[in-house]
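Next come the chains, spelled out residue by residue.
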Amino acid sequence: AVVSTQSTGNQQQTDKAAATTAVTDSGFTYTHAGNTLRISLTTLPSNTTETIDHEKHIKLEHLKNSLAAIRHARWFEENAFQSSIRVMVRILKDFKRRIPFFKNANPWTIDLLAHHSASVTGSQLTIPLVFRRCLQLLAAGILLPGSASISDPCEPGFVKAHSFMSYEHQDELSCGAQTLLRALAHGGFREILGMNGARRVTFDTPIMFDGVIVTPSKLAYEKPTETEKMDTNAGS
């Protein structure tokens, strides 16, 4: 266990607050003082289902996901050297925490979206321009079915960055971004960023910015009913 040391005057006090661990599908978590550290385990790429014992080891699927996370971290460290990219990642992760439509955004998709938003040939965009471009890309449907999307640089071939997302979650990202972009166009950046004293942007009722009423976008995707699913399966 990790023991943190706090200095008080000339005396050091050891913080022995209760720490907890919990086993997960891919490893374990360590929680202490309100902070949670997630540890994921992996193996060599050469290991296959023939060398993995399902009764003793973590499932190969989770091992591969953890291995992919290492590739993602290395790629981001090598390519996201612009400060605007890292700031955009922080903003999107804050959206993921505060805004319901962004809660299902994957961290890797966030990294790729921030990098793509700041990548313009021949020029380096400022943070405000990267922020606006990111919302424009999402609102235009870059992560919707049938779009050109963003290619995953860590996978062979052309694998779309949002290929793992459900239609419902793709629609939520696009819909939320459309509403935020309208608010931004009428000076609602303080509300979007959740600054102290600013109103909260609503996604179910209209909100007024500088005398202009901004109406939230509505979700377009509708889950198929059980009858529709049965008809589809019967047809196939």
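Structure shown above.
Residues numbered from 1 in each chain as written. Predicted model: local features only at pLDDT ≥ 70, side-chain atom pairs only at ≥ 80, totals over all residues. Heavy atoms only, no water.

J.: Hey, could you run me through the overall build of the chain in this one?
T.: When helices and strands are counted, the chain shows seven helices and nine strands. Sequence separation of at least 24 residues holds for 49% of the intrachain contacts in the chain that already meet a minimum separation of 6. When the accessible surface of the chain is totalled, it reaches about 15200 Å², and 53% of it is carbon and sulfur. (Helix = DSSP H or I, 4+ residues; strand = E, 2+ residues; numbered from the N terminus. Contact = heavy atoms within 4.5 Å. Areas by Shrake-Rupley, 256 points an atom, 1.4 Å probe, with all protein chains shown as cover.)

J.: Got a minute to help me understand the packing of aromatic side chains in this structure?
T.: Two aromatic rings, taken as a pair, are described by how far apart their centres are and by the angle between their planes. Tallied over the entire structure, the rule returns five aromatic pairs. Measuring from centroid to centroid gives 5.9 Å for Y167 and Y221, while their planes differ by 70°, and the two rings are edge-to-face. Here the residue Y167 occupies a position in helix α5 (residues 167-185), and Y221 occupies one in the loop between β9 (212-214) and α7 (226-235), the gap between them amounting to 54 residues. Judged by its relative accessible area of 32%, Y221 is partly exposed. Through a chain of ring-to-ring contacts, three or more aromatic side chains come together here, namely F95, F102 and F131. (Phe/Tyr/Trp six-rings, centres within 6.5 Å; stacked < 30°, edge-to-face > 60°. Buried < 20%, exposed > 50% of the residue type's maximum accessible area, 1.4 Å probe, protein only.)

J.: How should the sheet that holds strand β5 (residues 35-40) be read in this particular structure?
T.: Within a beta sheet, neighbouring strands are joined by backbone hydrogen bonds and run either parallel or antiparallel to one another. Read from one edge to the other, the open sheet built from three strands follows the order β3-β4-β5, with strand pairing classed as antiparallel. Edge strands, defined here as strands with exactly one partner in the open sheet, are β3 (19-23) and β5. Each strand axis lies, on average, 15° off the axis of its neighbour in the sheet, ignoring direction. As defined by bridge partners, β3 adjoins strand β4 (residues 27-32) across five bridges and the pair is classed as antiparallel. Looking at β4, one finds that V23 is bridged to F28. (Pairing = 2+ DSSP bridges. Axes fitted to C-alpha atoms, helices over the stretch in contact; angles between N-to-C directions.)

J.: How do you make sense of the nonpolar core when you look at a structure like this?
T.: Nonpolar side chains tend to gather and get buried jointly when the protein is soluble and globular. Counting residues in each nonpolar core, the largest one holds 45 residues, and the members touching the most others are L92, F95, F102 and L180. Listing elements by their share of this core, those giving two or more residues are α1 (60-79), α2 (83-98), α3 (107-118), α4 (127-140), α5 and β8 (207-209). Counting residues per element, this core draws most heavily on α4, at seven residues. (Core = buried A, V, L, I, M, F, W, Y, C linked by side-chain atoms within 4.5 Å.)

J.: Is there a simple way to explain the side chain of S147 in this structure?
T.: Note that S147 resides in the loop between α4 and α5. With a relative accessible area of 15%, S147 lands in the buried category. Reaching out from S147, the side chain makes a polar contact with the backbone oxygen of L144 at a distance of 2.8 Å. If we skip the residues at most four places from it in the chain, S147 touches G141, I142, K160 and H162. (Polar contact = N/O pair within 3.5 Å; in protein donor to acceptor, adjacent residues only side chain to side chain.)

J.: Help me understand the environment of N79, please; the structure alone is not making it clear to me.
T.: Assignment of secondary structure puts N79 in helix α1. Expressed as a C-alpha distance, the spacing of N79 and H115, which sit 36 residues apart in the sequence, is 8.2 Å. Looking at N79, its side chain comes within polar contact range of the main-chain oxygen of W75, at 2.7 Å.

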